[in-house]
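Structure assessment
Listed here are the chains, written in short residue letters.
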Amino acid sequence: MSGGSVAGAQIPGRRTTVRVVVVGDRGTGKSSLIAAAASENFPENVSPVLPPTRLPADYYPDAVPVTIIDTSSSLEGKAKLEEELNRADVVVITYACDKPETLSRLQTFWIPEVRRLKVKAPVIVVGCKLDLRDEHYPVSLEQVMAPIMQQFREIETCIECSAANLVQVPEVFYYAQKAVLHPTAPLFDQESQTLKPRCIRALKRIFILCDHDMDGALNDSELNEFQVKCFNAPLQPAEIVGVKRVVQEKVPEGVNDLGLTLTGFLFLHALFIEKGRLETTWTVLRKFGYNDDIELRKENLPVPSKKAPDQSIELTSEALDFLMGIFSLFDSNNDGALQDSELDELFSTAPESPWDEAPYKNSMERTELGDIRLSGFLSQWALMTLLDPAKSLAYLIYLGYTNDPATALRATRKRTLDVKKQQSDRHVFQCFVFGPKNAGKSSLLNSFVGRSFQNSHGSSGYQSYTVNAVDQLRATKKTLILHEILEDDVKQFLSSKESLAACDVAVFVYDCSDEYSLKRASEFLMDVARRGEDTGYGVPCLFVAAKDDLDSYPMAIRDSEAICQELKIDAPIRISVKKREMNNIFWRIVNAAERCHLSVPETEYGRNMKQYRHIVNRSLMLASVGAAAAVIALAAYRTYASRKTHSAS
C-alpha cells in the first residue's frame, strides 16, 4: 500500500472551498503575506486591510480553492474580527520575526482569544518578516515553538516566511488548507504519537472489508484492489515487496505468510501520518464513506422518511437476520449470551460502543452475570432504531451490513390508519409511563428488564427507557419500550402538539395506598385524554394500581373504578413489583397497543365534540340531500316547460 496522488480526485464528502482567516498584531505582516501569496510578488504599497482574496483551485494539488480573509487589529474592528473567526475553517496567527514581543502575544492574547470565542478551527502559527531577523541572534523555530505547541494543542503547524523575499509564502496557505482538508487531530494523538481510537476502529473496519477471503491478512491481490479503489492506480509487484519489507523491519507481526496483517495495516497509516502524509489516510477514510469526525456521512444513510408524526421506524427482517448472525459470530463461548468483552469486540469496528451512555445504558435485560442474551440484544437495537434511525443504520453498516442500506429499516403505517383498520402492523410499541413521584413507575420499568425490586425513591439510578421482548398469542413476539415521563415534565411534554404522536399506549401508575397518588394519576390521565382528543393522536390508556402489597386507603377501589368507567377504559390493573405479582401487565400493555381502537379514553368534552360533529355532519347531509332534490325538481320543471312550449307550437 502506498499513498498515491489524490490531486483533482473527486472524493465524496470533500470540501469545495477553504476559508482562511488571518489575525495577529498590527505590523506583523498580515496584509503583505496575503498580497504576496496572491500576486507572487512583494507589494511595495499594501492596504491596511485587504478585501477577501481567492487562491484558485489549481493553486495547490488538492484542487480546492482558498479564500483568505484579512482582519484589522484595531479596537474598532473587534466585532468584525470575532465574526470572521467564528466563520473560519482555519485560523492563521501571525507574529513578526524581528519583534519577539509579538510572539509572546500569541500565548497571552491571540490563542486565548480564539479559545474564548470557542473557535473549533485548527490554528497555523506564522512568523513573518523572516528577512528582518537579526542574523547575530539565530533562533530555532522548533525550540521556540515546541513548548507553545505543547501548551496549545489546537496549533497544527508552525512556519516562518518572508513576503519580501517570497520565502515559504505559498507554503503558509498550503499548510492552512491541509489542516482543514487533512486534519491531524481526529487521526493522531501528538502527545503519545499513536493513532486515535476512532481512527483505529475505522481502519479496522476498512481492513476487514478488503479482506475478501477473511483469512486475517491482505494478500497481494487484495492489496492491489484496495490501492486501485482508493488511489485509482495499481501497485507494482516491486512496490508490494517494498511495503512488506518496511513493515516487517519495524513490526515483524505486521506481515505473515498470507500477507499484510491488521497490525501492519495500522502501522503503515501511523507511518504516513508521522511523515506528514495525512492525505493518504484521509483519502482512504473518505473513499469508505467517513466524514471529518470519522463517522459515516449522513447523506449515505438512506433512512426512510416519516411522512406523518405518528409513524415510527423499525428494523426489517433482513436487518434482524443480520443481527442474529452477528450475535452468534461474537458469542465466542456459545453460551447464548454476550459478555462485555464480546460486546466490545462486536463494536470494535464502530466509532465507539453506542450503548455506554443514556438512554441506552441499563435499558435492556441482562443475566445474573451481567451478560446480554439475544432477546435483549435485539430489543436494544429496536430502541436505538426508534429513537435514532440514522445512528442505528450507521451502526449496522459499521458491523458489516453489506446489503443495500435501504433494506435495513422500514417506516410503519400511520397509527391513525391503524385505528381505522382496527389493527396494527407494528412489531415495536412505545409505552409512555405517567404517574406522580413515588407511585412505582421506576420499579415497573426495572421489573420489565428483570432487575430486582429496590425499596428506594429518588432520581439516583434514574432510567427513562427500558425495553424487552413480550410473548404474545400464536407464539409471536413483540418488542415493548417503556418510556417514563417524570411528574415535573408532564406539563411541558404535553404542550407540544405532537407529544402523543410517538406513543402507542399510555400507562398511568399510582400508589394504591395513597389517595393523593390516585388523584394525581387521574389528572394526568385526563390531561392525556384531552390532548389526544385535541390533536387527533388519542392513545389506548391503562390505569395501574401499583404497590398492591400495601393496604389500600378506604374507597380506593371504588374511586379508581369510577375514574375508569367515566373515561370508558378498563378497570385498574393491580400489581405488586415487590411480591412479583405483575398480573400479566406487560402482555396487557402490548395487547392494548395492538388493539389500538379500544381503550382510548373519552372525556365529556370529547363526547360533546363528537356529538357536535355528528349533528353538523347530519345537517350537512340533510342540506346536501335538500339541494339535490331542488336540482332534480328544477330539472323536471324545465323539462315540463320545454314540452309544454313544444306542444303549443
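Given the structure is predicted, the values throughout are model-derived calculations rather than measurements. (Residues numbered from 1 in each chain as written. Predicted model: local features only at pLDDT ≥ 70, side-chain atom pairs only at ≥ 80, totals over all residues. Heavy atoms only, no water.)

Some remarks on the side chain of Thr281
Defined as follows: Helix numbering and strand numbering both begin at the N terminus, where a helix is a DSSP run of H or I of at least 4 residues and a strand a DSSP run of E of at least 2. Counted as a polar contact is a pair of N or O atoms within 3.5 Å, where, for protein atoms, one must be capable of donating a hydrogen and the other of accepting one, and residues adjacent in sequence contribute only when both atoms are in side chains. For this analysis, residues touch if any pair of their heavy atoms sits within 4.5 Å.
Relative to the helices and strands, Thr281 is located in helix α10 (residues 278–287). Separated by 2.9 Å, the side chains of Thr281 and His269 make a polar contact. The residues touching Thr281, leaving out its near neighbours within four places in the chain, are Leu187, His269, Phe272 and Ile273.

A short note on empty space enclosed by the protein
What counts is decided by this rule: Site definitions follow a grid-based scheme: protein atoms alone, a 1 Å grid, a 1.4 Å probe that fits but cannot get out for cavities, and for pockets an open set with protein on both sides within 12 Å along at least five of seven lines, plus lining residues having an atom within 4 Å of a point. Grid points are joined across faces, edges and corners, and a volume is the space filled by probe spheres set on the points.
Counting across every chain of the model gives one cavity of 30 Å³ or more. The space that makes up the largest cavity amounts to roughly 30 Å³. Residue lining of the largest cavity: Val528, Ala529, Gly532, Glu533, Gly538, Val539, Val600 and Pro601, and that is the complete set.

Looking at the pairing of strand β5 (residues 123–128)
We apply this condition: Burial status follows relative accessibility: with a 1.4 Å probe on protein chains alone, a residue under 20% of its type maximum counts as buried, one over 50% as exposed, and anything between as partly exposed. Strands are labelled as partners when DSSP assigns at least two bridges between them. Convention used here: a crossover is right-handed provided that the path from the first strand, over the helix, to the second strand proceeds clockwise when the strands point away from the viewer.
When you tally the buried positions in β5, you get six out of six residues, the bulk of the element. Of the two faces of β5, both are covered, the one formed by Val123, Val125 and Gly127 as well as the one formed by Ile124, Val126 and Cys128. Pairing between strand β4 (residues 90–96) and β5: six bridges, direction parallel. The residue of β5 that forms the bridge with Ala96 is Cys128. Running through helix α3 (residues 100–116), the crossover from β4 to the neighbouring parallel element β5 is right-handed.

Some remarks on the pattern of salt bridges
The test is simple: Salt bridge criterion: a side-chain nitrogen from Lys or Arg within 4 Å of a carboxyl oxygen from Asp or Glu.
One pass over the full model with this rule turns up 36 salt bridges. Across the pair Glu84 and Arg19 runs a salt bridge whose closest N-O atoms are separated by 2.9 Å. With Glu84 in helix α2 (residues 78–86) and Arg19 in strand β1 (residues 18–24), the pair connects residues that are 65 residues apart, well separated along the chain. An identical accessibility class is assigned to Glu84 and Arg19; each is buried. With its nearest N and O atoms 3.0 Å apart, the salt bridge here joins Glu487 to Arg520. With Glu487 in the loop between β18 (477–484) and α17 (490–494) and Arg520 in helix α18 (residues 515–535), this pair connects stretches of sequence that are 33 residues apart. Glu487 gets classed as buried once you look at its relative accessible area, which sits at 15%. A single salt-bridge network, built from bridges that share partners, covers Lys437, Glu487, Asp488, Lys519, Arg520 and Glu523.

Quick notes on unusual backbone geometry
The amide bond that connects Ala358 to the next residue, Pro359, takes the cis arrangement and shows omega of 5°. Its location among the elements puts Pro359 in the loop between α12 (340–346) and β14 (372–373). With a phi angle near 55°, Leu166 is a residue other than glycine that sits in the positive phi range. Take Leu166: it is sitting in the loop between β6 (155–160) and α5 (169–181). Despite not being glycine, Gln168 has its phi angle at roughly 55°, a positive value. By the secondary structure assignment, Gln168 is in the loop between β6 and α5. Gln168 sits in the partly exposed class, given a relative accessible area of 34%.

Considerations on the nonpolar core
Note the following rule: We call a set of buried residues a nonpolar core when its members are Ala, Val, Leu, Ile, Met, Phe, Trp, Tyr or Cys and they connect through side-chain atoms within 4.5 Å of each other.
Within the largest apolar cluster, 74 residues are counted, with the highest numbers of intra-cluster contacts made by Ile206, Phe377, Trp381 and Leu396. Beyond its immediate stretch of four places on either side in the chain, Phe377 contacts Leu323, Phe327, Leu338, Leu343, Leu346, Trp355 and Ile372.

Let's talk about the packing of aromatic side chains
The criterion, for reference: For this analysis, a ring pair means two rings from Phe, Tyr or Trp (six-membered ring only for Trp) whose centres lie within 6.5 Å, classed as stacked if their planes differ by under 30 degrees, edge-to-face if by over 60, and tilted for the remaining angles. By the criterion adopted, a ring carries a charge over it if an Arg CZ or a Lys NZ lies within 6 Å of its centre and within 35 degrees of its normal.
Under the definition given, this model contains 21 aromatic pairs. A centroid spacing of 5.8 Å and a plane angle of 50° characterise the contact between Tyr60 and Tyr174, whose relative ring orientation is tilted. Within this pair, whereas Tyr60 is found in the loop between β2 (53–55) and β3 (66–70), its partner Tyr174 is found in helix α5, the two being separated by 114 residues in sequence. Relative accessible area serves as the criterion here: at 8%, Tyr60 is assigned to the buried category. An aromatic cluster is built from Tyr290, Phe327, Phe347, Trp355, Phe377, Trp381, Tyr395 and Tyr398, whose rings are joined through pairwise contacts. The ring of Phe288 carries the charged tip of Lys229 above its face, separated from the ring centre by 4.9 Å.

Here's the deal with the environment of Arg595
With respect to the helices and strands, the residue Arg595 is situated in the loop between α20 (585–594) and α21 (604–648). The exposure class assigned to Arg595 is partly exposed, which follows from its relative accessible area of 43%.

Some remarks on the pairing of strand β20 (residues 541–546)
Of all six residues in β20, six are buried, a share of seventy percent or more. Residues Cys541, Phe543 and Ala545 line one face of β20 and the alternating positions Leu542, Val544 and Ala546 line the opposite face, and both faces are buried. Of the strand pairs in this sheet, strand β19 (residues 505–511) and β20 are connected by six bridges, and their pairing is parallel. Across the sheet, residue Phe508 finds its bridge partner in β20, namely Phe543. Taking the sense of rotation as the criterion, the β-α-β connection linking β19, α18 and β20 turns out right-handed. Bridging between β20 and strand β21 (residues 573–574) involves two bridges; their strand directions are parallel. Its bridge partner being in β21, Val544 is matched across the sheet by Ile573.

Some thoughts on the sheet that holds strand β16 (residues 428–434)
Our working definition: Axis geometry follows a simple rule: fit a line to the C-alpha atoms, using only the stretch in contact for helices, then measure angles between N-to-C directions, giving values from 0 to 180 degrees.
The sheet built from six strands is open, its strands ordered β17-β18-β16-β19-β20-β21 with mixed pairing. For this open sheet the edge positions go to β17 (465–471) and β21, each flanked by a neighbour on one side alone. Pairing geometry for β16 and β19, over four bridges, is parallel. Within β19, the position partnered with Phe434 by the bridge is Phe508. Sheet contacts for α18: β16, β19 and β20; angle to β19, the most-contacted strand, approximately 165°. Contacts from α20 reach β16, β17, β18, β19, β20 and β21, with the element oriented near 100° to β18.

Describing the layout of surface pockets
The cut-off we apply is this: Under the convention adopted here, Pro, Cys and the residues Ala, Val, Leu, Ile, Met, Phe, Trp and Tyr are nonpolar, Asp, Glu, Lys and Arg are charged, and Gly plus all remaining residues are polar.
Of the volumes computed, that of the largest pocket is approximately 1,200 Å³. Considering the residues around the largest pocket, the lining is formed by 44 residues, among which Ile155, Glu156, Thr157, Thr184 and Gln190 are closest to the centre. For the lining of the largest pocket, the secondary-structure elements that each account for two or more residues are α3, α4 (141–151), β6, α5, β7 (188–189) and α9 (262–274). With six residues, α4 is the largest single contributor of residues to the lining of the largest pocket. Grouping the amino acids of the lining of the largest pocket by side-chain chemistry returns 22 nonpolar, seven polar and 15 charged.

Focus: the UniProt feature "domain: EF-hand" (unreviewed entry) in the protein
We count it as follows: UniProt positions are given in the numbering used here, feature names are shortened, and annotations may be inferred rather than shown by experiment.
As recorded in UniProt, the feature "domain: EF-hand" (unreviewed entry) lies at residues 318–353. What you have in residues 318–353 is 56% helix and 6% strand, and the ends, taken at the C-alpha atoms, are 22 Å apart.

Examining the environment of Arg54
You can see Arg54 is positioned in strand β2. The class of Arg54 is exposed, set by a relative accessible area of 54%. In the structure, Arg54 is positioned 34 residues away from Val20 in sequence and 9.9 Å away in space, judged by C-alpha atoms. Other than its neighbours up to four places away in sequence, Arg54 contacts Pro65, Val66 and Thr67.

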